[in-house]
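A closer look at the structure
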Amino acid sequence: MNKPRGTEKTVFRARFSSITDTDICNAMGRLGEPDHNEALSVDARQELDLRIGCAFTRFQTKYFQGKYGNLDSSLISFGPCQTPTLGFCVERHDKIQSFKPELYWVLQAKISSDKDTSVLLDWDRVRVFDREIAQMFLNITRMEKEAKVEGTSRKEKAKQRPLALNTVEMLRVASSSLGMGPQHAMQIAERLYTQGYISYPRTETTHYPENFDLKGSLKQQANHPYWAQTVKQLLADGVNRPRKGHDAGDHPPITPMRSATEAELGGDAWRLYEYITRHFIATVSYDCKYLQNTISFQIGTERFTCSGKMLTSSGFTEIMPWQSIPPEESLPSCQKGDTFVLSEVKMLEKQTSPPDYLTEAELITLMEKHGIGTDASIPVHINNICQRNYVTVENGRRLRPTNLGIVLVHGYYKIDAELVLPTIRSAVEKQLSLIALGKADYHQVLEHTLNIFKRKFHYFVDSIAGMDELMEVSFSPLAATGKPLSRCGKCHRFMKYIQAKPSRLHCSHCDETYTLPQNGTIKLYKELRCPLDDFELVLWSSGSRGKSYPLCPYCYNHPPFRDMKKGMGCNECTHPSCQHSLSMLGIGQCVECESGVLVLDPTSGPKWKMACNKCSVVVHFFENAHRVRVSADTCEACEAALVDVDFNKAKSPLPGDETQHTGCVFCDPVFQELVELKHAAPCHPMHRSGPGKRQGRGRARGRRPAGRLNPRRPKDKMAALAAYFV
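Owing to the predicted nature of the structure, the values given are computational and were not obtained by experimental measurement.

Cut-offs used in this document
Residues numbered from 1 in each chain as written. Predicted model: local features only at pLDDT ≥ 70, side-chain atom pairs only at ≥ 80, totals over all residues. Heavy atoms only, no water. Helix = DSSP H or I, 4+ residues; strand = E, 2+ residues; numbered from the N terminus. Rg over C-alpha atoms; globule rule 2.2 N^0.38 Å. Buried < 20%, exposed > 50% of the residue type's maximum accessible area, 1.4 Å probe, protein only. Contact = heavy atoms within 4.5 Å. Areas by Shrake-Rupley, 256 points an atom, 1.4 Å probe, with all protein chains shown as cover. Lys, Arg positive; Asp, Glu negative; His and termini not counted. Charge placed at Lys NZ, Arg CZ, Asp CG, Glu CD. Patch = residues over 30% accessible without salt bridge, like charges linked within 9 Å, V, L, I, M, F, W, Y side chains within 5 Å. Salt bridge = Lys/Arg side-chain N within 4 Å of Asp/Glu carboxyl O.

1. Here's the deal with the overall build of the protein chain
- Counting its regular elements, the protein chain contains 19 helices and 23 strands.
- For 726 residues, the compact-globule estimate of 2.2 N^0.38 gives 27 Å, and the C-alpha radius of gyration of the protein chain, at 35 Å, exceeds that figure by more than 25%.
- By principal-axis analysis of the C-alpha atoms, the protein chain measures approximately 115 × 70 × 65 Å.
- Among the 726 residues that make up the protein chain, the fraction classed as buried is 47%.
- Here the analysis covers contacts within the protein chain between residues at least 6 apart in sequence; of these, 62% occur between residues at least 24 apart.
- For the protein chain, the computed accessible surface area is about 37000 Å², with 49% contributed by carbon and sulfur atoms.
- Of the charged side chains in the protein chain, 93 are positive and 81 negative, and the gap between their average positions amounts to 3 Å.

2. Describing the environment of Val90
- Within the secondary structure, Val90 sits in helix H3 (residues 82-98).
- Taking the relative accessible area as the measure of exposure, Val90 reaches 0% and is therefore buried.
- Each C-alpha atom, one on Val90 and one on Leu358, is 9.4 Å from the other, the two residues being 268 residues apart in sequence.

3. A short note on helix H12 (residues 378-387)
- Among all positions in H12, only Ile378, Pro379, His381, Ile382, Asn384 and Ile385 are buried.
- Structurally, H12 contributes buried residues whose contacts are with H3, helix H5 (167-176), helix H6 (182-194), helix H11 (360-370) and strand S7 (391-394).
- Once H12 finishes, Asn389 follows within two positions and takes phi at roughly 65 degrees, a positive value.

4. Here we look at the environment of Phe340
- With respect to the element layout, Phe340 can be found in strand S6 (residues 339-351).
- Placed 43 residues apart in sequence, Phe340 and Phe297 show a C-alpha to C-alpha distance of 9.4 Å.
- Beyond its immediate chain neighbours, meaning those up to four positions away, Phe340 contacts Ile111, Ser112, Ser113, Lys145, Glu146, Ala147, Val149, Phe297, Pro332, Ser333 and Cys334.

5. Quick look at a nonpolar patch on the surface
- A contiguous nonpolar patch, built from Phe12, Ile19, Ile24, Met28 and Leu31 and spanning about 400 Å² of accessible area, is present on the exposed surface.
- Looking at the secondary structure, you find Ile24 in helix H1 (residues 21-29).
- When its relative accessible area of 30% is taken as the criterion, Ile24 is described as partly exposed.

Rendered as structure tokens:
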């Protein structure tokens, strides 16, 4: 773009819905200005969700995690969209729990059309809830020997082809038919879009514009091995115009933009692409047509019917066979007044059943109906309530609320039902839509909505005891949870380790709680104590192939030095003389990240390793060595700390019978075959205090064997971390 001259504008927006040469060139040929009102609408939504969500989430999390130990959730979150989404799941749960089954009775008659075949008849009354009345009707019909035909009808009906595909329908089908979660399906769709296989997957529109090249999109599929014949037949007969749907004014419906094979995409990507393509072909196909035959019978005073369907034209079901009309038994040929032998009449006892838990597809439908979230954010809200442990996904992708989810929703109902009902969020979404259309003022909507939730928040804080009463029934207090693990440095009594998320230590005597690193295991570290506060150290580990490090529970939550932050373990502690600190165990700067230091893991023997204290890099070395210790001296070439190694005499790689050697893990030729890295180059020094210690730690840069991934190449970097170092 040219540099602006005066008030000249240089920012433009290119509008396109697929990554194809034609769409991109057309978009660049008709650049337009960004819509200021749409931008304000997005800003308002972001600010409202952030401010409201943060206020409620912070208060709930600190209040309840400070009282209960088995909540099993790292965050007790609240969201203006997330919470009503959870509310739908709990509402269905409550209906299931309060459901009382009720007995009812049905009459079923069977007639013989010839010697070998019989036809079941359905009772026109459907069912009755009084056994005596059902028995009376049974006695009346059993007195009859024949069933008389009262009338026949034959109607031609059509099963309409689907509307063009939008985001919500794609997510529904992905969950109900393909077994994919909405978040996973959306990620795959976005990847297919960026690779040019489909059009933009975030759209509310189900109507193709008049100028959309349907024929061109269809021709792309003319040579596909799975549906080439169907597509060629459609092109020969003439493309049928899709049904008129809803035009939301955003992007065209989701459409395949180029042909792809299963071998090309593979896995879930192919399954989703196949559905999108079949759906598109179905929208330009013809309706499925069939004949509906119905026969009415009179047996005494009661009327019965039987019906059947006969396919006349498969239409779109040829490409979507799961939508086809199933073959049914043919009905007997008859006319009004004909009679058939009544072979059996019986009464069946049944009972009403409760509704099942919501499926993801049903939840998406409810969210769309009540205006909760957008087509883009619906998967995120559903994923959030799963990750927060508010619901669990069961067979058939049904969402079953956990105790925590149920208690939260019941608590909201008890304090302020509008926090969980969809009404208030739906009203806010309407206001945000008006901002996008330029019909509402951004500042007024923002101020008005924030004032409403500010009052609700203060009332919620004042009334939290109502929710707390429900929590007390379902969860255990901190003092009664967990098992003794390490001693408190203040009272020297055992603190309890609470394993449920978020894992933490609690001292019931001091009434103090100490957070711990997550997603790993915690155990006592040799009953060693921190020299600063006398707390017993614990060891965090991510597994045998990952990294581990000791930490002081108090220092982890209350950093002792200015250059430390909350959440740092001993491998980042700058204590000048503690045997567990970075100063004593740090070896050299990380080969991958700029700020990390490779630190010796003293617990890893005999399979020794060093790990970065910032990123996930782990370097294995000196297997079967008796002892590995970081020396006070540093390498003259790279300023990395030297390492003293005492090898096993039977497996020593040293010449002669030597078992001890001191050298740089990156530069020493003796160590080169024992570590992944071949040599080290001088780099920025890392502070290391103490007498006789040089002011630096080298940065190791290694030459890798031919054919290995090169971490310096951005696209290989993450793969290299997993495949090469760990």
